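Results of the structural survey
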Amino acid sequence: MIRAVVFDVGECLVDETREYGTWADWLGVPRHTFHAMFGAVVAQGRDYRETFQEFQPGFDLYAEREKRAAAGQPESFSEADLYPDVRPALQQLRGSGLTLGIAGNQTVRAGRILRELFSEDVDLIGTSDDWGASKPDPEFFKRVAEAVPFAADEVLYVGDRCDNDIRPAREAGMHTALVRRGPWAVIQWKSAEARELPTFRIESLVELSDAIDGFNDSAR
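Residues numbered from 1 in each chain as written. Predicted model: local features only at pLDDT ≥ 70, side-chain atom pairs only at ≥ 80, totals over all residues. Heavy atoms only, no water.

**Quick look at the overall build of the protein**
Broken down by element type, the protein carries 12 helices and six strands. Taken against the 2.2 N^0.38 rule, which gives 17 Å for 220 residues, the C-alpha radius of gyration of the protein at 17 Å falls within 12% of a compact globule. Overall size of the protein, expressed as C-alpha extent along the three principal axes, is 55 × 35 × 30 Å. With the model as given, the accessible surface of the protein reaches about 10300 Å², and the carbon-plus-sulfur share is 48%. Distance from the positive charge centre (25 side chains) to the negative charge centre (38 side chains) of the protein: 1 Å. (Helix = DSSP H or I, 4+ residues; strand = E, 2+ residues; numbered from the N terminus. Rg over C-alpha atoms; globule rule 2.2 N^0.38 Å. Areas by Shrake-Rupley, 256 points an atom, 1.4 Å probe, with all protein chains shown as cover. Lys, Arg positive; Asp, Glu negative; His and termini not counted. Charge placed at Lys NZ, Arg CZ, Asp CG, Glu CD.)

Pasting the structure below:
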């Protein structure tokens, strides 16, 4: 039985197009060029942070975040950056009586924004900065499991990446859903892992409610 659903943040709940565009602006790089390099790095299986190194060797993401904040240009997202299916999906899942959570690799600042946006919609919100552990580290998923009042095999983790989300969540004993959006999911979608590892493969978060109902019915 699936009793809890926990969502990744970037490219699961939040469309990061605008935010990565602001990074291109910060670097003084045309947005189209930055996005093209970003996609190439992801397609090569490299860490996305290497994109910044291609334009500015020695780039320190943490330090640059602080510089942006000091310059009045902090990383940010808002209601306008949420994918349009997010609110309807949360409403459907809440109506089914499921425990809901959000947990992703996010900064303290992002955690504050998530709480402003979702504190009335979900039961728990955790970030890598809160927990001192980042995906795909097993410790991150251990913290997710500890935050949910159910066994790991009663949790569904929803994300857009096989490497950071689906594989480690499955190794932690959780069910998983891979949503096809954002650069990672689109690039990885036809891979063996993307076909074989997730419990569900979905195009939209609003598919989750029926998928979970069918799964739980078959488990009874």
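So that's the structure; there's more coming.
**Observations regarding the side chain of serine 209**
One can find serine 209 in helix 12 (residues 208–219). Residue classification places serine 209 among the buried positions, given a relative accessible area of 10%. In this structure serine 209 touches Gln92, Leu93 and Ser96, once residues within four positions along its chain are discounted. (Buried < 20%, exposed > 50% of the residue type's maximum accessible area, 1.4 Å probe, protein only. Contact = heavy atoms within 4.5 Å.)

**Concerning the pairing of strand 1 (residues 4–7)**
Of the two faces of strand 1, the one carrying Ala4 and Val6 and the one carrying Val5 and Phe7 are both buried. By the bridge criterion, four bridges tie strand 1 to strand 2 (residues 99–104) in an arrangement that is parallel. In the strand pairing of strand 2, phenylalanine 7 is matched with isoleucine 102. In terms of strand pairing, strand 1 meets strand 4 (residues 155–159) through four bridges, oriented parallel. Residue pairing across strands places valine 5 opposite leucine 156, the latter belonging to strand 4. (Pairing = 2+ DSSP bridges.)

**Overview of unusual backbone geometry**
Note on backbone geometry: most residues besides glycine have negative phi, and most peptide bonds are trans. A cis amide bond links lysine 135 with the next residue in sequence, proline 136, at an omega value of 10°. Following the sequence through the fold, proline 136 ends up in the loop between helix 7 (128–131) and helix 8 (138–147). Positive phi, close to 65°, is recorded for glutamate 11, a residue that is not glycine. Given the relative accessible area of 4%, glutamate 11 is considered buried.

**Quick look at helix 4 (residues 61–70)**
The set of residues buried in helix 4 consists of Leu61, Glu64 and Arg68. The buried residues of helix 4 occupy an angular sector of 60° when projected down its axis, which confines them to one face. Among the exposed residues of helix 4, those pointing more than 90 degrees away from its buried face are Tyr62 and Ala70. Contact partners of the buried residues in helix 4: helix 1 (17–27) and helix 3 (50–55). Of the residues that open helix 4, the one with a side-chain oxygen 3.1 Å from the backbone nitrogen of tyrosine 62 is aspartate 60. (Arc of directions from axis to C-beta. Polar contact = N/O pair within 3.5 Å; in protein donor to acceptor, adjacent residues only side chain to side chain.)

**What to know about the packing of helix 1 against helix 4**
What describes two packed helices is the angle between their axes and the distance between those same axes. Following both chains from N to C, one finds helix 1 and helix 4 inclined at 90°, their axes separated by 12 Å at the closest point. Relative to helix 4, the element helix 1 lies roughly perpendicular. Facing Glu19, Thr22, Trp23 and Trp26 of helix 1, the residues of helix 4 in contact are Leu61, Glu64, Arg65, Lys67 and Arg68. Partitioning the contact of helix 1 with helix 4 into residue classes produces three nonpolar, one polar and five charged. (Axes fitted to C-alpha atoms, helices over the stretch in contact; angles between N-to-C directions. Parallel < 35°, antiparallel > 145°, perpendicular 65-115°, else oblique. Nonpolar A, V, L, I, M, F, W, Y, C, P; charged D, E, K, R; others polar.)

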